[in-house]
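Here's the letter readout for the chains.
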There are 4 protein chains.
Amino acid sequence: MCRWLAYSGSPILIEELLYKPEHSLIDQSLHARLGVDTTNGDGFGLGWYGANTETPAVFHSIEPAWNDRNLREVAGHVHSPLFLAHIRASTGTAVQQTNCHPFRYGRWLWVHNGLVNDFGRVKRELTLAVDESLYPYMEGSTDSELLFYLALTFGLQEDPEGAVGRMVGFVEEVGRRHGTEHPIQMTVGTTDGESVWAFRYSSEGNSRTLYYSTDLGALRELYPDRPRLREVSEETRVIVSEPLGDLPGVWNEVPESSFGVVREGEDELHPFQPR
Amino acid sequence: MCRWLAYSGSPILIEELLYKPEHSLIDQSLHARLGVDTTNGDGFGLGWYGANTETPAVFHSIEPAWNDRNLREVAGHVHSPLFLAHIRASTGTAVQQTNCHPFRYGRWLWVHNGLVNDFGRVKRELTLAVDESLYPYMEGSTDSELLFYLALTFGLQEDPEGAVGRMVGFVEEVGRRHGTEHPIQMTVGTTDGESVWAFRYSSEGNSRTLYYSTDLGALRELYPDRPRLREVSEETRVIVSEPLGDLPGVWNEVPESSFGVVREGEDELHPFQPR
Amino acid sequence: MCRWLAYSGSPILIEELLYKPEHSLIDQSLHARLGVDTTNGDGFGLGWYGANTETPAVFHSIEPAWNDRNLREVAGHVHSPLFLAHIRASTGTAVQQTNCHPFRYGRWLWVHNGLVNDFGRVKRELTLAVDESLYPYMEGSTDSELLFYLALTFGLQEDPEGAVGRMVGFVEEVGRRHGTEHPIQMTVGTTDGESVWAFRYSSEGNSRTLYYSTDLGALRELYPDRPRLREVSEETRVIVSEPLGDLPGVWNEVPESSFGVVREGEDELHPFQPR
Amino acid sequence: MCRWLAYSGSPILIEELLYKPEHSLIDQSLHARLGVDTTNGDGFGLGWYGANTETPAVFHSIEPAWNDRNLREVAGHVHSPLFLAHIRASTGTAVQQTNCHPFRYGRWLWVHNGLVNDFGRVKRELTLAVDESLYPYMEGSTDSELLFYLALTFGLQEDPEGAVGRMVGFVEEVGRRHGTEHPIQMTVGTTDGESVWAFRYSSEGNSRTLYYSTDLGALRELYPDRPRLREVSEETRVIVSEPLGDLPGVWNEVPESSFGVVREGEDELHPFQPR
């Protein structure tokens with residue numbers, strides 16, 4: 001099990017979100033509350049978009065996040081309008097940088113919480129379905145990276161919702177053919193640096209938790225005396241595996257079998273189903 | 001906070017004790033039950049005595065123990081009649097190999113669970129008290145290593161009980177002079193490769209837990225149908241921060257302000273007090 | 001490029017061979033003389049056979065070998081009658097433990113120096129040829145590990161020479177079909193814990209160097225005043241990428257396109273060709 | 001031995017200087033030309049000043065710089081007007097993050113190439129001379145960090161030249177008292193985020209190399225067809241252990257026993273001597 005977080009909005013110093021809130025993601029690396037495991041100490045990753053660079057930066061480490069000094073330095077000195085962070089609890093694959101999220105392909109980033117059940121049984125067949133031109137870019141050994149490359153194979157860059165739907169449908173079809181009742185369990189965050197898509201789905205209809213933050217306008221009315229809420233733009237949104245802080249009214253659950261899109265203009269929330 | 005373990009007895013494959021028992025030390029690295037912290041993921045160490053080598057081997061790593069493949073390999077392929085293992089939860093100092101226990105000097109090993117309160121305030125004065133000839137051997141930045149070198153300074157190699165008593169007395173005197181009410185909290189395991197000394201003490205009289213295993217003869221009577229208990233010698237003893245397994249009658253608490261000695265012949269248990 | 005070493009003979013403390021000779025393998029990690037690169041600092045590995053354990057131990061690290069304290073501890077405290085050591089200079093794939101040699105499958109170990117040319121072009125096709133039952137055991141991303149699993153697929157455990165011949169033939173066929181003139185470059189050491197096979201081959205007929213040590217009886221006659229040569233058995237042999245020490249008469253080149261077998265009884269040296 | 005680099009001028013993407021020049025610092029980690037060692041693979045560090053943050057960021061790693069993916073990511077996505085980078089070849093102390101340069105205290109950074117001779121002999125006495133209020137901030141075990149804290153003790157923040165002079169004088173006095181003929185060997189770079197001071201000195205008068213870049217105006221006249229030279233400000237300067245690139249006229253040696261100051265306005269170069 002893992003925990004992740006996506007931020008989109010006014011540029012902020014990354015530590016503002018990663019370290020400062022009560023029950024922050026870094027705190028969750030040691031003491032998660034809602035997940036299967038309380039410890040997410042098998043490495044972490046941070047991907048951020050900046051100015052003047054074509055692709056996002058990714059910072060991966062096999063150390064636990066809670067004590068990593070380099071992560072604290074980077075988070076304390078880099079501003080970004082859009083970033084993804086992930087803390088890992090391995091479900092068996094090696095603890096190594098190439099297994100750390102977010103995975104990157106071109107301008108795209110991908111984080112995943114969950115697993116492909118009976119992965120050893122289906123890994124080969126799923127791997128073969130990855131487009132030949134994409135195959136050489138896979139570097140690690142996780143189910144999460146493979147799901148990313150399958151989604152890319154199925155058209156993630158042109159049609160994110162459709163591609164993830166086709167990816168999930170394919171994984172379920174292969175898994176069931178190999179005798180697995182509930183082939184996939186996932187929350188996924190993915191972005192091209194402009195929009196963020198967040199999916200919550202599992203074959204058994206009992207998915208890992210996922211939350212998105214309330215509209216800033218509503219939050220400001222709710223908490224007129226919080227100056228921090230005035231400093232960031234109306235468009236600012238955060239998506240998390242597990243709520244941060246303790247302000248009532250801030251967090252809304254992404255419903256089972258749904259996906260949301262965060263982008264400039266109106267955000268969206270829709271039902272999700274495999275194709 | 002940390003957890004540690006000492007084994008003395010018939011040579012065994014280290015993994016027999018480190019991995020196989022229910023609620024093993026490796027399991028405690030992720031899910032400790034009795035300590036201040038449930039996670040001990042800030043590195044670990046293993047020190048063992050073998051055949052034909054003058055000094056014990058030490059294996060230190062900054063990775064969490066639960067997923068460390070090299071530890072599993074070493075533990076699964078090395079037999080030893082006497083070894084110490086330690087999993088670390090840093091109380092602030094850096095996660096680096098030179099801060100991993102056991103610390104070694106010549107044939108001696110040392111593990112510690114606890115802390116020197118207000119360490120930053122007294123570190124310099126304590127460091128100055130280390131014998132000049134020993135000073136260059138200190139490599140890390142922990143209170144635990146410093147306590148070892150103070151004990152060596154006060155004669156650990158000739159008179160372990162007296163030296164640890166003088167060390168604790170000195171630390172308490174310096175700490176109180178700097179205004180600290182309860183200067184030291186500790187369980188300590190130390191060995192010269194023949195005997196193992198285990199100390200339980202804290203200035204406030206409320207020390208970290210420590211247990212020693214029951215005499216093998218008594219255990220065999222208690223569990224006549226456990227073949228494993230017949231394979232090891234009468235002299236075999238284990239000392240742990242937290243009990244392993246779930247057999248009633250196996251573990252006995254080291255009393256508050258006490259120390260024990262495990263060696264060939266009769267074991268000992270005595271009151272301990274600073275000098 | 002990489003450097004490796006295999007030892008078979010009387011049980012010795014591993015450091016005797018790994019650290020003590022002049023121009024030892026550890027020294028070669030910083031200052032190799034014969035290879036393409038002078039530095040082999042992208043991780044290392046050690047695999048050894050011991051007593052009372054079914055499979056060999058493997059110790060892998062991503063640190064340079066020259067400064068690794070754990071390697072020195074293990075090498076200084078473990079005796080073994082048969083071990084393989086490898087220092088890595090990555091040809092592009094990630095520096096991670098799952099890419100460190102020796103690779104292990106059951107009782108077998110495998111080390112490789114060299115590369116599959118244009119690996120990105122042929123990786124997918126080569127991977128597909130790995131037996132489905134072996135596929136899940138591949139954990140890394142190197143050409144070296146893939147060559148091992150191809151050799152296993154082609155029968156390494158029953159017929160080492162034939163299997164490596166078929167593996168090389170297959171890699172050359174696939175490579176040439178993809179337009180690569182010289183598909184493979186290799187020295188390979190592999191063992192089942194009883195015999196050691198060493199192969200030297202490259203498609204271009206210009207292979208990486210490989211040497212084997214002279215028969216102990218001859219060496220003793222040559223150097224009657226070296227007591228160390230009397231301590232090890234007649235059967236003792238060492239195979240290395242690059243000669244150790246500086247005694248004339250100790251090292252013999254494995255000829256281009258050849259393979260040798262070291263085992264109890266008579267050793268063998270034969271021509272090698274792809275099948 | 002080590003290599004280091006300091007940049008001060010128009011904000012640039014750090015990789016422009018760290019990776020892109022021929023014979024870049026990263027290249028020197030594997031193949032240094034002018035130093036005692038050709039490999040500087042015992043960790044590295046990068047310290048940079050950015051916008052809106054009070055203290056500089058420091059990124060330290062124990063991996064060799066040449067293959068470190070996180071360093072490449074940070075260098076490829078962070079712009080800075082002033083940064084220091086350092087690659088390390090340990091002279092014996094442990095390879096750990098707390099031994100990586102640059103060292104930081106408040107707004108100050110410090111890098112060092114060289115060593116204190118017979119460090120084990122004088123370490124205790126030098127350590128005792130560090131101001132009590134500074135003592136707790138020392139985290140590592142190197143001579144380099146200790147020189148920094150001695151310089152801070154002697155007034156680095158108010159009078160850099162005088163403080164470094166007094167620090168060197170003190171180290172020489174202590175060393176000679178302990179029978180060391182040539183107590184110190186150093187090039188040092190230090191900065192408060194506005195000026196950069198660079199010192200070249202050794203007790204034996206045979207110091208490690210140090211170079212500074214020619215005035216930009218002169219360089220532009222020399223190379224009128226190099227557009228890159230027009231993009232950065234007149235004030236831009238680089239100081240290096242070993243020249244980058246191969247343009248004649250770019251690099252000037254800092255003379256033996258000298259120090260330079262780079263800051264807005266006129267740069268300075270003066271003789272240096274211990275006090």
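Residues numbered from 1 in each chain as written. Chains lettered and ligands numbered in written order. Predicted model: local features only at pLDDT ≥ 70, side-chain atom pairs only at ≥ 80, totals over all residues. Heavy atoms only, no water.

1. Comments concerning the overall build of chain A
Looking only at helices and strands, chain A features eight helices and 13 strands. Over its C-alpha atoms chain A spans a radius of gyration of 18 Å, differing by no more than 12% from the 19 Å that the globule rule assigns to 275 residues. The principal-axis extents of the C-alpha atoms in chain A amount to approximately 55 × 40 × 40 Å. Burial analysis of chain A (275 residues in total) assigns 62% to the buried set. (Helix = DSSP H or I, 4+ residues; strand = E, 2+ residues; numbered from the N terminus. Rg over C-alpha atoms; globule rule 2.2 N^0.38 Å. Buried < 20%, exposed > 50% of the residue type's maximum accessible area, 1.4 Å probe, protein only.)

2. What about the sheet that holds strand β7 (residues 184–191) of chain B?
Residues and elements named next belong to chain B. Within the open sheet, the six strands sit side by side as β5-β6-β7-β8-β12-β13. Their pairing is antiparallel. Lying at the two open borders of the sheet, with one neighbouring strand each, are β5 (103–105) and β13 (268–271). For this sheet, the mean angle separating the axes of adjacent strands, direction not counted, is 15°. Alignment of β7 against strand β8 (residues 196–202), held across seven bridges, turns out to be antiparallel. Considered in β8, the bridge of T190 is made with W197. Helix-sheet contacts for helix α6 (residues 160–177) involve β6 (108–116), β7, β8 and β12 (258–262), and the interaxial angle to β7 is about 155°. (Pairing = 2+ DSSP bridges. Axes fitted to C-alpha atoms, helices over the stretch in contact; angles between N-to-C directions. Contact = heavy atoms within 4.5 Å.)

3. Topic: the pairing of strand β4 (residues 79–88) of chain D
Residues and elements named next belong to chain D. Of all 10 residues making up β4, eight are buried, and the element is well covered by its neighbours. With six bridges connecting them, strand β2 (residues 44–49) and β4 associate as antiparallel partners. Considered in β4, the bridge of F44 is made with I87.

4. Looking at helix α4 (residues 119–128) of chain A
Buried within α4(A) we find F119(A), V122(A), K123(A), R124(A), L126(A) and T127(A). Taken together, the buried residues of α4(A) touch β6 (108–116), α5 (143–153) and α6 (160–177) of chain A together with α4 (119–128) of chain C.

5. Quick word on the nonpolar core
Counting residues in each nonpolar core, the largest one holds 132 residues, and the members touching the most others are L18(A), L18(B), L18(C) and L18(D). Filtering out sequence-adjacent residues up to four positions away, L18(B) remains in contact with L5(B), S24(B), L25(B), I26(B), L46(B), L71(B), A75(B) and A85(B). Among the nonpolar cores identified, the runner-up in size contains 36 residues, and L146(B), V174(B), W197(B) and F272(B) belong to it. (Core = buried A, V, L, I, M, F, W, Y, C linked by side-chain atoms within 4.5 Å.)

6. Points about a negative patch on the surface
Together, E194(A), D215(A), E235(A), E264(A) and E266(A) give the surface a local cluster of negative charge. As for its position among the elements, D215(A) is in the loop between β9 (211–213) and α7 (216–222). (Patch = residues over 30% accessible without salt bridge, like charges linked within 9 Å, V, L, I, M, F, W, Y side chains within 5 Å. Areas by Shrake-Rupley, 256 points an atom, 1.4 Å probe, with all protein chains shown as cover. Salt bridge = Lys/Arg side-chain N within 4 Å of Asp/Glu carboxyl O. Lys, Arg positive; Asp, Glu negative; His and termini not counted. Charge placed at Lys NZ, Arg CZ, Asp CG, Glu CD.)

7. Observations regarding the pairing of strand β4 (residues 79–88) of chain C
In the sheet, strand β1 (residues 2–13) of chain C pairs with β4(C) via nine bridges, with the strands oriented antiparallel. Pairing of L13(C) across the sheet is with H79(C), part of β4(C).

8. Overview of the pattern of salt bridges
Two side chains carrying opposite charge are able to pair once their charged atoms lie near each other. Residues and elements named next belong to chain D. Applying the stated criterion to the full structure yields 68 salt bridges over all chains. Note that R275 is salt-bridged to E161, the shortest N-O span being 3.2 Å. With R275 in the segment after β13 (268–271) and E161 in helix α6 (residues 160–177), this pair connects stretches of sequence that are 114 residues apart. Since its relative accessible area comes to 52%, R275 is described here as exposed.

9. What to know about the interface of chain B and chain A
Counting residues at the interface gives 16 residues for chain B, matched by 16 residues for chain A. A combined buried area of about 990 Å² lies between chain B and chain A, and 45% of that area is made up of carbon and sulfur atoms. Taken as a group, T39(B), E63(B) and N67(B) account for 33% of the area that chain B buries against chain A, more than any other trio of residues on that side. Put simply, chain B and chain A have five residue pairs in polar contact (both at pLDDT 80 or more) between them. Taken together, the residues of the side of chain B that touches chain A sort by class into six nonpolar, seven polar and three charged. (Buried area = accessible area lost by both parts, 1.4 Å probe. Polar contact = N/O pair within 3.5 Å; in protein donor to acceptor, adjacent residues only side chain to side chain. Nonpolar A, V, L, I, M, F, W, Y, C, P; charged D, E, K, R; others polar.)

10. Description of the side chain of T191(B)
All names here are of chain B. Within the fold, T191 resides in strand β7. A polar contact of 2.9 Å, which involves the side chain of T191, links it to the backbone nitrogen of G193. Of note is the side chain of T191, whose polar atom sits 2.7 Å from the backbone oxygen of S195. Setting aside chain neighbours within four positions, we find T191 in contact with Y49, L82, L84, R107, W108, L109, V196 and W197.

11. Overview of unusual backbone geometry
Cis peptide bonds are those with omega within 30 degrees of zero, and the linkage from H101(A) to P102(A) qualifies with -10°. Here P102(A) shows up in the loop between β4 (79–88) and β5 (103–105). The phi dihedral of D118(A) falls on the positive side, at around 50°, and the residue is not glycine. You can call D118(A) partly exposed: its relative accessible area is 35%. Of note in the backbone geometry, S257(D) takes a positive phi value of approximately 55° without being a glycine. When you line up the elements, S257(D) lands in the loop between β11 (251–253) and β12 (258–262). With a relative accessible area of 23%, S257(D) lands in the partly exposed category.

12. Here we look at the side chain of T39(B)
Within the element layout of this structure, T39(B) appears in the loop between α2 (25–31) and β2 (44–49). A relative accessible area of 5% means that T39(B) is categorised as buried. A polar contact of 3.4 Å, which involves the side chain of T39(B), links it to the side chain of T39(A). Apart from residues no more than four positions distant in its own chain, T39(B) is found in contact with L30(A), T39(A), W66(A), S29(B), L30(B), W66(B) and A89(B).

13. Quick look at the relation of the copies chain B and chain A
When chain B is fitted to chain A, the best match, at an RMSD of 0.0 Å, comes from turning it 180° and sliding it 0.0 Å along the axis. Here the transformation between the copies is reduced to the relation of a two-fold axis. In terms of proximity to the rotation axis, the leading residue of chain B is E63(B), whose C-alpha is 3.3 Å off the axis. (Least-squares fit on C-alpha atoms with pLDDT ≥ 70 in both.)

14. Some points on the sheet that holds strand β11 (residues 251–253) of chain B
Adjacent strands of a sheet pair through backbone hydrogen bonds, lying either parallel or antiparallel. With antiparallel pairing, seven strands are arranged side by side in an open sheet as β3-β2-β4-β1-β10-β9-β11 (chain B). Every interior strand has two partners, whereas the edge strands, β3 (57–61) and β11 of chain B, have only one. Each adjacent strand pair in this sheet contributes to an overall mean axis angle of 15°, direction not counted. Strand direction decides the pairing type here: strand β9 (residues 211–213) of chain B and β11(B), joined by three bridges, are antiparallel. Bridge pairing in β11(B) places S213(B) opposite W251(B). Set on the sheet, helix α3 (residues 69–77) of chain B makes contact with β1 (2–13), β2, β3 and β4 (79–88) of chain B; between it and β2(B) the angle comes to about 20°. This element, helix α3 (residues 69–77) of chain C, spans β2 and β3 of chain B of the sheet and lies at about 155° to β3(B).

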